[in-house]
Amino acid sequence: MSKPLSGTVVVVQVDNDRLAAIEVKLRGNGVLVERAICAVRPASVQSDEPAGMGAWVKQVLAEAGVSTKRAILAAARGEVVLKVLEFPGTGLVDEAERCEVVRLQMARQLTMPMSESVIDWIPMDRGEDGAVRSVMAGAIHTDRLDWYDSISTAAGLKPVGMQLSSGGIAALTADLEGPVLVVVPSMAGIEFVVAWEGRVMFARAIELPEGFTAATEPEVAERIAVEAKRTWMSYRVSQRAEDIEVVAVIGSDGNAEAIRSACARLLEIESRCVGLPDRVSVNANLQHEQQALVSSLIGLAVRASTDADRMDFLNPHEPPDAAANRRIVALAAIFVLIVLLGGGFLVRGEKLRSLEKVRSGLKENEGKLAQDYLAYLGDLARAEHLTRWDELDADYLGHIGWLSERLPDPTISLADRIALAVAGQVRYDGRTFPGANWQSPARLAVSVSGKVGDRAIALDLRDRLLRDGPYVVANRGPDVADRYDFELTTSALADPTASGAPSDPDESSRVPPVNDTPVDGTPTNETDAAKTPADGEGP
């Protein structure tokens, strides 16, 4: 069974030269035909150019007031290959088996490759057990489907199905009993359909001159009757051989009556004119001739509004997918896995972005702290350097006092010059800072000179300075009888009179003597030279 359609739909049949269409409203209790359109392709439009054909169809529908986009396409009988297929044995119940058997049998009977055709089918006969014994199968070339698809796209239509127009003719005679030979005038000619309970058993079509009128041209009606008899004979020799019980001509005008009369005389069986089913309502503005020309389209609309089986090349029968459940489970598992992994990746990515943001902030803070630390180290080095220099402070008064106590009595010796000077340096021993030791070696140089009346006094003074003090004593010049000139050096900058004052016997640590000889040779007290570093040393 097929799902019924509802709402407004346009049913369109396009062949190379003509267009027929109806706009209908499908309702649960019937079909309302609102508009019917019949048009002939102008010479300016080429049938082998689908884009141009689609633009023409769009223009014709718009001029007729058709606004809906949902469309049912009607394929002409000449575009579809129909075959009645018998199933062996007791019939096939399984849908997959029926699809495979239909494709297998159609592959043997079609002249076109299976890869270039679309096949659909409807059940024809069922056994008492419900198994399908025979089907009517139809095949259409994919090139033709592409042609229809291109036209629909250019026309702005959205096809919901594509059915054989002969199926609409059969649907109009679903209430008649037994096989019925239906004769229907159309824009392209005359269609002959053997229908049984609304299903197509056999179908063919012929072309007639445009604008024929059987009532005024009896020979045309006779020709139609001859073709009807040929259809009946072709059906009799086919696989389905039930006798045709009635000839039904769709329509109620003079043309339909002329065709019915000619068929009755030639076939010698019951003939009647058949109108539209009761469930079909037609707009009062539509003429009977228009109704007859689009009767097959009306039949397709009637069938689309029900759940009856229909041949649809846009939605053909497909064998059930045996592995669908396994694929669904597998896809569901993959989906769950993707959700879990994707969620994990999202959470991880969000956490990573958060950590990257923290890391970036920490690196920025680290850079600022590093700059602050470098500035701190610079300040620390300068402060320590100044502190070390400040510690190089000798006790000049203590050294002068110690020296004064050991100078000879002024009556026998007169000291005319005493000068003191500190020479030192501050250095840092190490390759990194901080982490090593500061070194601040320094020496105090005391220069003393004076006059003596006896050379022995100078020698005694020298011995006393060497014995009692922390100094290294050296002569500053040549020995003379009436003068002494000594330089006392020591690394002990503190008061030498203090208890425990260190001595300085290490000559290797001596700082070069300070040249403090007055320019004019006048004895002076040069204690203002304290803390004056030697040339090239000091901060």
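Residues numbered from 1 in each chain as written. Predicted model: local features only at pLDDT ≥ 70, side-chain atom pairs only at ≥ 80, totals over all residues. Heavy atoms only, no water.

Novice: How do you make sense of the overall build of the protein chain when you look at a structure like this?
Specialist: Secondary structure summary: the protein chain contains 11 helices and 21 strands in total. In the protein chain, buried positions account for 41% of the 539 residues. Across the protein chain, the fraction of contacts at a sequence separation of at least 24, relative to all contacts at a separation of at least 6, is 69%. Here the protein chain has roughly 28,300 Å² of accessible surface; of this, 53% comes from carbon and sulfur atoms. (Helix = DSSP H or I, 4+ residues; strand = E, 2+ residues; numbered from the N terminus. Buried < 20%, exposed > 50% of the residue type's maximum accessible area, 1.4 Å probe, protein only. Contact = heavy atoms within 4.5 Å. Areas by Shrake-Rupley, 256 points an atom, 1.4 Å probe, with all protein chains shown as cover.)

Novice: I tried to follow the sheet that holds strand β14 (residues 280-282) on my own but got confused; where do I start?
Specialist: Within a beta sheet, neighbouring strands are joined by backbone hydrogen bonds and run either parallel or antiparallel to one another. Strand order across the open sheet formed by six strands is β8-β4-β1-β2-β3-β14, with mixed pairing between neighbours. Both edges of this open sheet fall to β8 (158-164) and β14, since each of them pairs with a single strand only. Taking each pair of neighbouring strands and ignoring which way they run, the sheet shows an average axis angle of 30°. The pairing of strand β2 (residues 18-27) with strand β3 (residues 30-40) spans 10 bridges and is classified as antiparallel. When the sheet's bridge partners are listed, I22 is paired in β3 with A36. Against the sheet, helix α4 (residues 165-172) engages β1 (7-14), β4 (70-75) and β8, with an angle of about 70° to β8. (Pairing = 2+ DSSP bridges. Axes fitted to C-alpha atoms, helices over the stretch in contact; angles between N-to-C directions.)

Novice: Could you clarify how one ought to interpret the sheet that holds strand β13 (residues 270-274) in this entry?
Specialist: An order of β11-β10-β9-β12-β13 is seen for the five strands of this open sheet, with the pairing classed as mixed. Each edge of the open sheet carries a strand with a single partner, namely β11 (199-207) and β13. Neighbouring strand axes in the sheet, compared pairwise and without regard to direction, differ in orientation by 20° on average. Of the strand pairs in this sheet, strand β10 (residues 189-196) and β11 are connected by eight bridges, and their pairing is antiparallel. Across the sheet, A195 pairs through a bridge with V200, a residue of β11.

Novice: Can you walk me through the pairing of strand β9 (residues 180-185) in this structure?
Specialist: When a strand is regular, its side chains alternate between the sheet's two faces. Of all six residues making up β9, six are buried, and the element is well covered by its neighbours. Side chains V180, V182 and V184 project from β9 onto one buried face, and the interleaved L181, V183 and P185 project onto a second face that is buried too. In this structure, β9 lies alongside β10, joined through six bridges in antiparallel fashion. When the bridges of β10 are listed, V183 appears paired with F192. The pairing of β9 with strand β12 (residues 246-250) spans four bridges and is classified as parallel. Bridge pairing in β12 links L181 to V247.

Novice: What's the story with the packing of α4 against helix α8 (residues 295-304) in this structure? I'm lost.
Specialist: Each pair of packed helices gets described by two things: the angle between the helix axes and the distance between those axes. Across the interface, α4 lies against α8 with an axial gap of 7 Å and an inter-helix angle of 75°. When the axes of α4 and α8 are compared, the pair comes out roughly perpendicular. Facing S165, G167, G168, I169, A171 and L172 of α4, the residues of α8 in contact are S295, S296, G299, L300 and R303. Among the residues making up the contact of α4 with α8, the classes are represented as four nonpolar, six polar and one charged. (Parallel < 35°, antiparallel > 145°, perpendicular 65-115°, else oblique. Nonpolar A, V, L, I, M, F, W, Y, C, P; charged D, E, K, R; others polar.)

Novice: Can you help me understand the packing of aromatic side chains in this one?
Specialist: For any two aromatic rings, the description comes down to two numbers: the centre-to-centre distance and the angle of the planes. For the coordinates displayed, the defined rule picks out seven aromatic pairs. Centroid distance F433 to W438: 6.2 Å. Interplanar angle 85°. Geometry classified as edge-to-face. (Phe/Tyr/Trp six-rings, centres within 6.5 Å; stacked < 30°, edge-to-face > 60°.)

Novice: Just to check I follow, could you spell out the pairing of β2 for this structure?
Specialist: Taken across its 10 residues, β2 has eight buried, putting it largely inside the fold. Sheet analysis places β1 next to β2, joined by eight bridges and oriented antiparallel. Its bridge partner lying in β2, V10 is registered against E23. Connecting the antiparallel pair β1 and β2 is a turn made up of three residues.

Novice: Help me understand the side chain of R310, please; the structure alone is not making it clear to me.
Specialist: When you line up the elements, R310 lands in the loop between α8 and α9 (324-391). Look at R310: it is buried, it has no salt bridge, and the nearest opposite charge is D312 at 5.1 Å. One polar contact links the side chain of R310 to the main-chain carbonyl oxygen of R303, over a distance of 3.3 Å. Of the polar contacts made by the side chain of R310, one reaches the backbone oxygen of T306; its length is 3.2 Å. Residues in contact with R310, not counting those within four places in the same chain, are S2, K3, P4, D120, I122, Q163, R303 and A304. (Lys, Arg positive; Asp, Glu negative; His and termini not counted. Salt bridge = Lys/Arg side-chain N within 4 Å of Asp/Glu carboxyl O. Polar contact = N/O pair within 3.5 Å; in protein donor to acceptor, adjacent residues only side chain to side chain.)

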